[in-house]
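Each chain, written out:
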Protein chains: 2
Amino acid sequence: MDNAAEERLWEIVDASEFSLLITRGTKNGNPRMRPMTLLAYEDTGILWFATSASSRKVEELSEDPQVTACFLDLDGGTYAQLFGRAEVIADPSTKEEFWEDEWSCFWDGHEDPDFVLLKVVGSQAEYHLVDEDELWVLDF
Amino acid sequence: MDNAAEERLWEIVDASEFSLLITRGTKNGNPRMRPMTLLAYEDTGILWFATSASSRKVEELSEDPQVTACFLDLDGGTYAQLFGRAEVIADPSTKEEFWEDEWSCFWDGHEDPDFVLLKVVGSQAEYHLVDEDELWVLDF
């Protein structure tokens, strides 16, 4: 792993205005995306998101857990994407650790069984810097 | 087809600051996205993009032509996505019709064999309006 290249990846993630999670969505095999807020990341290539157990994306992940998380810095034209597998995490202590009170409009507290976390374990990431017109690829 | 719902889809496309084309990208089956400029659309669900015959996306499409085109209006939080199949179009008259002189930095004119068009034939589209918190689904 090239440390400078890895640091740049997380800089793009930190600077991104917008993140998307893409699943293999439709019955025909078309990808499906939705905006999602990144809660946290680990520089070993792990991303955390919050979602509902009853959501369509969780149903899609039970069919195919391969996902892509995208980070877009629109002004700069820079973008990064991380390829990985999503796991639905419902253990009480992790749910409590990530819980934010502002989510009370969506879920009835961290013990709500519909509140779950998505842990995306990245296998590879790539990003594109406009200045360099070059694609960087990192393996985790 | 609900005409008002269809009009709203194309309004989102017109207003979007940003469009992405998602292929089924990696060997592991992870989707891969890239920003792309929409050249034109037909309200029967057809989208047109320009690309290089030698590009990675064209290679990916030869493996799996199912794609998703995404349109993001970031300020409003509205987004739309169209699910379809991409065809690589290389016939000389269509290439000439779409050619823009500003692309001379990428291709050696409309006769350059590396300049091709992507025609995405949509089967379904969906969009999400933040105000309504509702998902609209349209079939083509």
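A quick note: this is a predicted structure, and the numbers were derived from the prediction, not measured.

Draft legend 1. A look at the relation of the copies chain A and chain B. For these two chains of identical sequence, chain A goes onto chain B by a turn of 180° and a shift of 0.0 Å along the axis, with RMSD 0.0 Å. Both copies of the chain, as the preceding transformation shows, are related through a two-fold rotation axis. Nearest to the rotation axis, the C-alpha of A:Pro31 is located 3.3 Å from it, this being the minimum over chain A. Both copies present the same face, since 100% of the interface residues in chain A are matched by interface residues at the equivalent positions in chain B.

Draft legend 2. Representation of the side chain of B:Lys95 within the structure. Residues and elements named next belong to chain B. The topology assignment puts Lys-95 in helix 3 (residues 92–98). For the buried Lys-95, no salt bridge exists, and the shortest N-O distance to an oppositely charged side chain is 6.4 Å, to Asp-112. Polar contacts involving the side chain of Lys-95 include one to the main-chain carbonyl oxygen of Phe-115, which spans 2.9 Å. Leaving out residues up to four positions away in the same chain, Lys-95 has contacts with Ile-89, Ala-90, His-110, Glu-111, Asp-112, Pro-113, Phe-115 and Leu-117.

Draft legend 3. Seen up close, helix 1 (residues 3–15) of chain B. All names here are of chain B. Over its 13 residues, helix 1 extends 18 Å from the first C-alpha to the last, a length consistent with the 18 Å expected when each residue adds 1.5 Å. Restricting attention to buried positions, one finds in helix 1 the residues Ala-5, Glu-6, Leu-9, Trp-10, Ile-12 and Val-13. Take helix 1 and look down its axis: the buried residues cluster within an arc of 150°, on one side only. Turned more than 90 degrees away from the buried face of helix 1, the exposed residues are Asn-3, Glu-7 and Asp-14. Tucked into the core, helix 1 has its buried residues touching strand 3 (40–42), strand 4 (46–52), strand 5 (66–73), strand 6 (78–89), strand 7 (115–129) and strand 8 (134–139).

Draft legend 4. Broad picture of the packing of aromatic side chains. All names here are of chain A. Tallied over the entire structure, the rule returns 21 aromatic pairs over all chains. Members of the aromatic cluster, connected to one another through ring pairs, are Trp-99, Trp-103, Phe-106, Trp-107 and Phe-115. Just above the ring of Trp-136 sits the side chain of Arg-8; from NZ or CZ to the centre is 4.3 Å.

Conventions and cut-offs
Residues numbered from 1 in each chain as written. Chains lettered and ligands numbered in written order. Predicted model: local features only at pLDDT ≥ 70, side-chain atom pairs only at ≥ 80, totals over all residues. Heavy atoms only, no water. Least-squares fit on C-alpha atoms with pLDDT ≥ 70 in both. Contact = heavy atoms within 4.5 Å. Helix = DSSP H or I, 4+ residues; strand = E, 2+ residues; numbered from the N terminus. Buried < 20%, exposed > 50% of the residue type's maximum accessible area, 1.4 Å probe, protein only. Lys, Arg positive; Asp, Glu negative; His and termini not counted. Salt bridge = Lys/Arg side-chain N within 4 Å of Asp/Glu carboxyl O. Polar contact = N/O pair within 3.5 Å; in protein donor to acceptor, adjacent residues only side chain to side chain. Expected span 1.5 Å × (residues − 1). Arc of directions from axis to C-beta. Phe/Tyr/Trp six-rings, centres within 6.5 Å; stacked < 30°, edge-to-face > 60°. Lys NZ or Arg CZ within 6 Å of the ring centre and 35° of its normal.

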